[in-house]
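What follows is the residue order along each chain.
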Amino acid sequence: YLRALEGHKELYGPEHAETFVSVSNLAMLFNAQGRLKEAEPLFRRSLEGRKAILGANHPHTLISMGNLASLFEAQGKLSEAEPLYVHCLAVQEKLLGAHHPSTLGSVNNLAGLLKDQGRMDEAEPLFRHALAGTMITFGRNHPRTLTSYNNLAVMLEQQGNLEEADNFFRRALVGREEQLGPMHPDTLSSVHNLAGLLLMQRRGKEAEEMYKRALAGRGKSPWRHASEHTAVGGPSCEVVTIFRQRR
């Protein structure tokens with residue numbers, strides 16, 4: 001990534017769109033490695049550069065904005081992340097439509113941020129909107145729809161709505177077993193989530209079996225080190241995380 005960035009600087013110049021792709025890719029690498037302090041100035045540089053040459057509402061600018069918001073959220077800077085998520089969502093709804101995958105990703109991410117701030121009454125309709133939208137756009141058993149089931153269930157569990165949370169956790173688990181297989185990290189995450197809910201419902205024996213299954217699966221899964229996030233492609237292999245799985 002460093003070689004690509006230096007090559008693009010030399011070939012195109014420091015303020016070219018392709019150079020900012022390399023800047024963003026390096027930032028994403030640092031972010032994935034947990035090197036958040038190193039990632040932040042690169043995400044900021046990518047965002048400001050794209051604003052200058054592409055405009056604030058260009059899709060690639062919104063990718064950089066979403067990436068920076070996600071970084072702020074990981075750093076616990078929730079008040080700084082929120083306006084970026086809100087701007088992304090407003091522009092995507094206007095330009096792409098309410099059911100575009102990028103728009104639904106922003107709905108999901110904003111909902112998760114609001115949940116993390118304890119603003120459940122604001123988060124719930126957004127999680128439900130994300131679920132309804134993914135069902136329309138992708139179908140009932142698409143991985144993104146199953147992530148939306150999971151995310152809504154997590155919030156309902158935190159609200160104490162255990163019966164409805166149980167229903168959505170089970171839908172996510174069954175769908176992931178069918179679509180991804182029993183050993184996929186997302187499937188095992190659903191097993192673990194359901195186990196926690198069962199424990200809260202004082203269904204200890206059922207919870208124990210699910211915890212044992214999750215533990216055994218994580219030891220055997222060939223994807224045990226894979227990310228549980230869903231990513232979509234951007235320009236020149238750049239990626240932006242959307243439909244983040246919540247817990």
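These remarks concern the structure in this document. (Residues numbered from 1 in each chain as written. Predicted model: local features only at pLDDT ≥ 70, side-chain atom pairs only at ≥ 80, totals over all residues. Heavy atoms only, no water.)

## Side note on the overall build of the protein
1) Next: Counting secondary structure elements, the protein contains 11 helices and 2 strands.
2) Next: Helices and strands in the protein line up, N terminus first, as α-α-α-α-α-α-α-α-α-α-α-β-β.
3) Next: The buried share of the protein, taken over its 247 residues, is 47%.
4) Next: When contacts within the protein are restricted to residue pairs at least 6 apart in sequence, those whose partners lie at least 24 apart make up 57%.
5) Next: Only carbon and sulfur atoms are counted for the fraction: they give 54% of the accessible area of the protein, which is about 11600 Å². (Helix = DSSP H or I, 4+ residues; strand = E, 2+ residues; numbered from the N terminus. Buried < 20%, exposed > 50% of the residue type's maximum accessible area, 1.4 Å probe, protein only. Contact = heavy atoms within 4.5 Å. Areas by Shrake-Rupley, 256 points an atom, 1.4 Å probe, with all protein chains shown as cover.)

## Observations regarding the packing of helix H9 (residues 162-179) against helix H10 (residues 185-200)
1) Next: Across the interface, H9 lies against H10 with an axial gap of 9 Å and an inter-helix angle of 155°. Taken together, H9 and H10 sit at an angle that is classed as roughly antiparallel. H9 and H10 meet at a crossing whose hand is left-handed. Packed against H9, whose contacting residues are Leu162, Ala165, Asp166, Phe169, Arg170, Ala172, Leu173, Arg176 and Glu177, the element H10 presents Asp186, Thr187, Ser190, Val191, Asn193, Leu194, Leu197, Leu198 and Met200 at the interface. (Axes fitted to C-alpha atoms, helices over the stretch in contact; angles between N-to-C directions. Parallel < 35°, antiparallel > 145°, perpendicular 65-115°, else oblique. Left-handed = near helix turned anticlockwise from the far one by under 90°.)

## Considerations on the pattern of salt bridges
1) Next: Counted according to the given criterion, the structure contains 15 salt bridges.
2) Next: In this structure, arginine 203 and aspartate 166 form a salt bridge, with 3.6 Å as the shortest nitrogen-oxygen distance. Taken together, the residues span a long stretch of sequence, with arginine 203 in the loop between H10 and helix H11 (204-220) and aspartate 166 in helix H9 at a distance of 37 residues.
3) Next: Of the residues examined, arginine 203 reaches a relative accessible area of 28% and is grouped as partly exposed.
4) Next: Under the relative-accessibility criterion, aspartate 166 is labelled buried at 10%. (Salt bridge = Lys/Arg side-chain N within 4 Å of Asp/Glu carboxyl O.)

## Here we look at unusual backbone geometry
1) Next: Even without being a glycine, arginine 202 presents a positive backbone phi close to 60°.
2) Next: Looking at where arginine 202 falls in the secondary structure, it is placed in the loop between H10 and H11.
3) Next: Given a relative accessible area of 77%, arginine 202 falls into the exposed group.

## Looking at helix H6 (residues 101-116)
An α-helical turn contains 3.6 residues, so any two residues separated by three or four positions project in the same direction.
1) Next: Here H6 spans 23 Å end to end across 16 residues, near enough to the 22 Å set by a 1.5 Å rise per residue.
2) Next: Across the 16 residues of H6, 13 count as buried, placing the element largely inside the fold.
3) Next: One or two steps after H6, the chain reaches glycine 118, where phi turns positive at roughly 80°. (Expected span 1.5 Å × (residues − 1).)

## What to know about the packing of helix H4 (residues 59-74) against helix H5 (residues 78-95)
When two helices pack together, their arrangement is given by the angle between their axes and by how far apart the axes lie.
1) Next: The N-to-C vectors of H4 and H5 enclose an angle of 150°; their axes lie 8 Å apart at closest approach. With respect to H5, the element H4 is oriented roughly antiparallel. When the axes of H4 and H5 are compared, the crossing they make is left-handed. Touching Leu62, Met65, Gly66, Leu68, Ala69, Ser70, Phe72 and Glu73 of H4 are Leu78, Glu80, Ala81, Leu84, Tyr85, His87, Cys88, Val91 and Gln92, all from H5.
2) Next: Of the residues that constitute the contact of H4 with H5, the class distribution is 11 nonpolar, 4 polar and 2 charged. (Nonpolar A, V, L, I, M, F, W, Y, C, P; charged D, E, K, R; others polar.)

## Let's talk about H10
1) Next: Helix length check: H10 (16 residues) gives 23 Å between terminal C-alpha atoms against 22 Å at 1.5 Å per residue, within 8%.
2) Next: In terms of burial, H10 is largely enclosed, as 13 of its 16 residues are buried.
3) Next: A positive phi of about 60° marks arginine 202, the residue just after H10.

## Topic: the environment of leucine 131
1) Next: As for its placement among the helices and strands, leucine 131 is situated in helix H7 (residues 120-138).
2) Next: The class for leucine 131 is buried, based on a relative accessible area of 7%.
3) Next: Expressed as a C-alpha distance, the spacing of leucine 131 and asparagine 150, which sit 19 residues apart in the sequence, is 9.6 Å.

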